[in-house]
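# Report on the structure
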Amino acid sequence: VMGCTEARRRCDRDSRCNLALSRYLTYCGKLFNGLRCTDECRTVIEDMLAVPKAALLNDCVCDGLERPICESVKENRARLCFGPELGNGPGSSGSDGGLDDYYDEDYDDEQRG
């Protein structure tokens, strides 16, 4: 499993991945804030998963200075975009790379409260 810092570096050097990442940053702002996952954002994420180097960003392990932000965004994406009712849809294995192993919803609720 690759760290997200290295996955991001590889994405930045690949024009297709870099474009997909730019679209993700543009269309998924509400997701980053933990508000909601729009249909546009969900479509962008699904498109990203078709780009090999961008798919690395989905499966990477958060590391480095951006680790807390990375973990928060991944948790929001799992919860808001591909929650239990959406987790088994087309193009999804029903898992987002093991985030459920790292997060406990009760713990998250205590942190927000």
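Bear in mind that the values here come from a model prediction, so they are computed numbers and not experimental data. All residue numbers refer to positions counted from 1 along the written sequence of the respective chain. The model is predicted, so local features are restricted to residues of pLDDT at least 70 and side-chain atom pairs to those at 80 or more, both for listing and for counting; the totals for chains, interfaces and linings are taken over all residues. Hydrogens and water molecules were not included; the side-chain quantities draw on all heavy atoms of the structure.

## A closer look at the confidence of the model for the chain
Note on scores: pLDDT gives the predictor's confidence for each residue, bounded by 0 and 100. Model confidence for the chain is summarised by a mean pLDDT of 78, while 73% of its residues fall at 70 or above. Of the regions scoring below 50 in pLDDT, residues 86-113 engages in 22 contacts with residues more than four places distant in sequence or in other chains. For this analysis, residues touch if any pair of their heavy atoms sits within 4.5 Å.

## Looking at the pattern of salt bridges
Here a salt bridge means any side-chain nitrogen of Lys or Arg lying within 4 Å of a carboxyl oxygen belonging to Asp or Glu. Scanning the model with the defined rule gives seven salt bridges in all. Its salt-bridge partner being R9, residue E6 comes within 3.3 Å of it at the nearest N-O pair. One end of the pair is E6 and the other is R9, both in helix 1 (residues 4-12) and three residues apart, which spans about a single turn. For the exposure calls, accessible area comes from a 1.4 Å probe over protein chains only, and a residue counts as buried if that area is under 20% of its type's maximum, exposed if over 50%, partly exposed in between. Of the residues examined, E6 reaches a relative accessible area of 27% and is grouped as partly exposed. Residue D47 is joined to R23 by a salt bridge in which the shortest nitrogen-to-oxygen separation is 3.5 Å. Placement of the pair is D47 in helix 4 (residues 39-49) and R23 in helix 2 (residues 15-27), with a sequence separation of 24 residues. Overall, R23 belongs to the partly exposed group, its relative accessible area being 33%. The secondary structure listing takes helices from DSSP runs of H or I that are at least 4 residues long and strands from runs of E that are at least 2 residues long, numbered from the N terminus.

## So, the nonpolar core
Grouped together as the largest cluster of nonpolar side chains are 23 residues, with contacts concentrated most on Y24, L31, C41, I45, M48 and L57. For this core, the secondary-structure elements that each account for two or more residues are helix 1, helix 2, helix 4, helix 5 (52-59) and helix 6 (67-81). If we skip the residues at most four places from it in the chain, M48 touches A20, L21, Y24, A54, A55 and L57. Here, the term nonpolar core denotes a set of buried Ala, Val, Leu, Ile, Met, Phe, Trp, Tyr and Cys residues that are joined through side-chain atoms within 4.5 Å.

## Digging into the packing of helix 4 against helix 6
Throughout, an axis means a line fitted to C-alpha atoms (over the contacting stretch in the case of helices), and angles, computed between N-to-C directions, take values from 0 to 180 degrees. For the pair helix 4 and helix 6, interaxial distance at closest approach is 12 Å and the crossing angle is 115°. On the basis of the axis angle, helix 4 is roughly perpendicular to helix 6. Helix 4 and helix 6 meet at a crossing whose hand is left-handed. Side by side, helix 4 and helix 6 meet where C41, R42 and I45 of the first sit next to R77, L80 and C81 of the second. When residue character is reported, Ala, Val, Leu, Ile, Met, Phe, Trp, Tyr, Cys and Pro are called nonpolar, Asp, Glu, Lys and Arg charged, and the others, Gly included, polar. When the residues that make up the contact of helix 4 with helix 6 are grouped by side-chain class, the tally is four nonpolar, no polar and two charged. Comment on the angle field: the value is read as roughly parallel under 35 degrees, roughly antiparallel over 145, roughly perpendicular from 65 to 115, and oblique elsewhere. Handedness of a crossing follows from how the near helix is turned relative to the far one, being left-handed for an anticlockwise turn of less than a right angle and right-handed for a clockwise one.

## What to know about the packing of aromatic side chains
In this analysis, rings of Phe, Tyr and Trp, with Trp reduced to its six-membered ring, are considered paired at centre separations within 6.5 Å, and the interplanar angle assigns stacked below 30 degrees, edge-to-face beyond 60, and tilted for intermediate values. In this structure the tally under the stated criterion is one aromatic pair. Aromatic pair Y24 and F32: ring centres 5.3 Å apart, planes at 75°, arrangement edge-to-face.

## Thoughts on helix 2
Here helix 2 spans 18 Å end to end across 13 residues, near enough to the 18 Å set by a 1.5 Å rise per residue. Listed as buried for helix 2 are C17, A20, L21 and Y24. Here the buried residues of helix 2 occupy an arc of 100° about the axis, which is enough to place them on one side. Exposed and facing more than 90 degrees away from the buried side of helix 2 are S15, L19 and T26. For helix 2, the secondary structure elements touched by its buried residues are helix 1, helix 3 (29-32), helix 4, helix 5 and helix 6. Polar contact criterion, stated in full: a pair of N or O atoms within 3.5 Å, where within protein one must be able to donate a hydrogen and the other to accept it, and residues adjacent in sequence count only if both atoms are side-chain atoms. The N-terminus of helix 2 is capped by D14, whose side-chain oxygen sits 3.3 Å from the backbone nitrogen of R16. In a helix, the anticipated span is given by 1.5 Å times the number of residues less one. Working definition: the arc comes from the directions between the helix axis and the C-beta atoms, pointing outward to the latter.

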